[in-house]
Amino acid sequence: MSSTLRERKGQLVWLGVWALATVLSTVAGPFGTHDALTPGLRLLYWAGIIALSVCGSALVIGLTRGAPVWKSAVFWGGFILVLSVLIHVLNSWVFPQWAGASRLLYLGVIIAVTVLVVHGAVALARYVFVPPFEGTPQDPEAAFLRHLPLDRRGPLVRVEAQDHYLNVVTQNGSALVLLRLQDAVAALQAADGLQVHRSHWVARNAVVHHRRIQGRDFLVLASGDEIPVSRSFRPAVLEAGLI
């Protein structure tokens, strides 16, 4: 149930981003659309462009969650190329004067700069405004939990990457934290748990049993949550005695 609610909340966030960006772009009419299109056509144009951008970004974020930098760069590069081509084709149909490879290159540069600015803003918020998690050899879990609201602190159950945030689940509830999973795993290195998937870390004592469904491994927690085990992390999970 909690997983479903989080998914719905994430969908609402993306929907809100799409709606807000569509309204702002329709009113401002950037890149000559204010003079070239009527308000109704401008609304349709930007709704479509931003829908492509938002859906593509959500897909890439999901595919690259926990992935190495080179893989993320490849996926984002592909996203920029595909989105540039799609907008180029749409513009060729909407604007008679739009044509040529230079226009396509122009779109690619604009989209690439936008992606870099957005990611730069998120990185700035993460590394400048959010204090880092600093575990201690004596009690890394307690140090990690100090960054959660007081009413959510308790024995750690699991940590799940969700876009640019972590959903930290304890026996007293859950809270979203602006941090990469790699940083959380490093802070919890001396804690009694392990990373089992590119998007999941679990506490060993939270696992009650293991299920294998159609060749895929899942760890069943006391809370009833089922956490997938990826092939790359399976040897470590096996060595820990969880499967």
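This text goes with the structure placed above it.
The shown structure was predicted, so the numbers you read here are calculated from the model rather than taken from an experiment. (Residues numbered from 1 in each chain as written. Predicted model: local features only at pLDDT ≥ 70, side-chain atom pairs only at ≥ 80, totals over all residues. Heavy atoms only, no water.)

Trainee: Can you lay out the sheet that holds strand β6 (residues 207-213) for me, pointing to particular residues and giving the numbers?
Mentor: Taken together, the three strands give an open sheet; going across it, the order is β6-β7-β8, and neighbouring strands pair in antiparallel fashion. Taken across any chain shown, the strands that pair with only one partner, and hence form the sheet edges, are β6 and β8 (226-229). Ignoring strand direction, the axes of neighbouring strands in this sheet form an average angle of 30°. In this structure, strand β7 (residues 216-221) lies alongside β8, joined through four bridges in antiparallel fashion. Bridging across to β8, Val220 finds its partner in Glu226. (Pairing = 2+ DSSP bridges. Helix = DSSP H or I, 4+ residues; strand = E, 2+ residues; numbered from the N terminus. Axes fitted to C-alpha atoms, helices over the stretch in contact; angles between N-to-C directions.)

Trainee: I'd love a proper account of helix α4 (residues 69-94), names of residues and values included.
Mentor: A rise of 1.5 Å per residue sets the reference length of α4, with its 26 residues, at 38 Å; its end C-alpha atoms lie 37 Å apart and thus fit the reference within 8%. Taken as a whole, α4 has its buried residues at Ser72, Trp76, Phe79, Ile80, Leu83, Ser84, Ile87, His88 and Asn91. (Expected span 1.5 Å × (residues − 1). Buried < 20%, exposed > 50% of the residue type's maximum accessible area, 1.4 Å probe, protein only.)

Trainee: Which residues make up a nonpolar patch on the surface, and what are the values?
Mentor: On the surface, Leu59, Leu63, Trp70, Val74 and Phe75 cluster together into a nonpolar patch covering about 520 Å² of accessible area. Secondary structure elements with two or more residues in the nonpolar patch: α3 (39-64) and α4. Of the residues forming the nonpolar patch, the biggest block, three residues, is contributed by α4. Considering the arrangement of structural elements, one finds Phe75 in helix α4. (Patch = residues over 30% accessible without salt bridge, like charges linked within 9 Å, V, L, I, M, F, W, Y side chains within 5 Å. Areas by Shrake-Rupley, 256 points an atom, 1.4 Å probe, with all protein chains shown as cover. Salt bridge = Lys/Arg side-chain N within 4 Å of Asp/Glu carboxyl O.)

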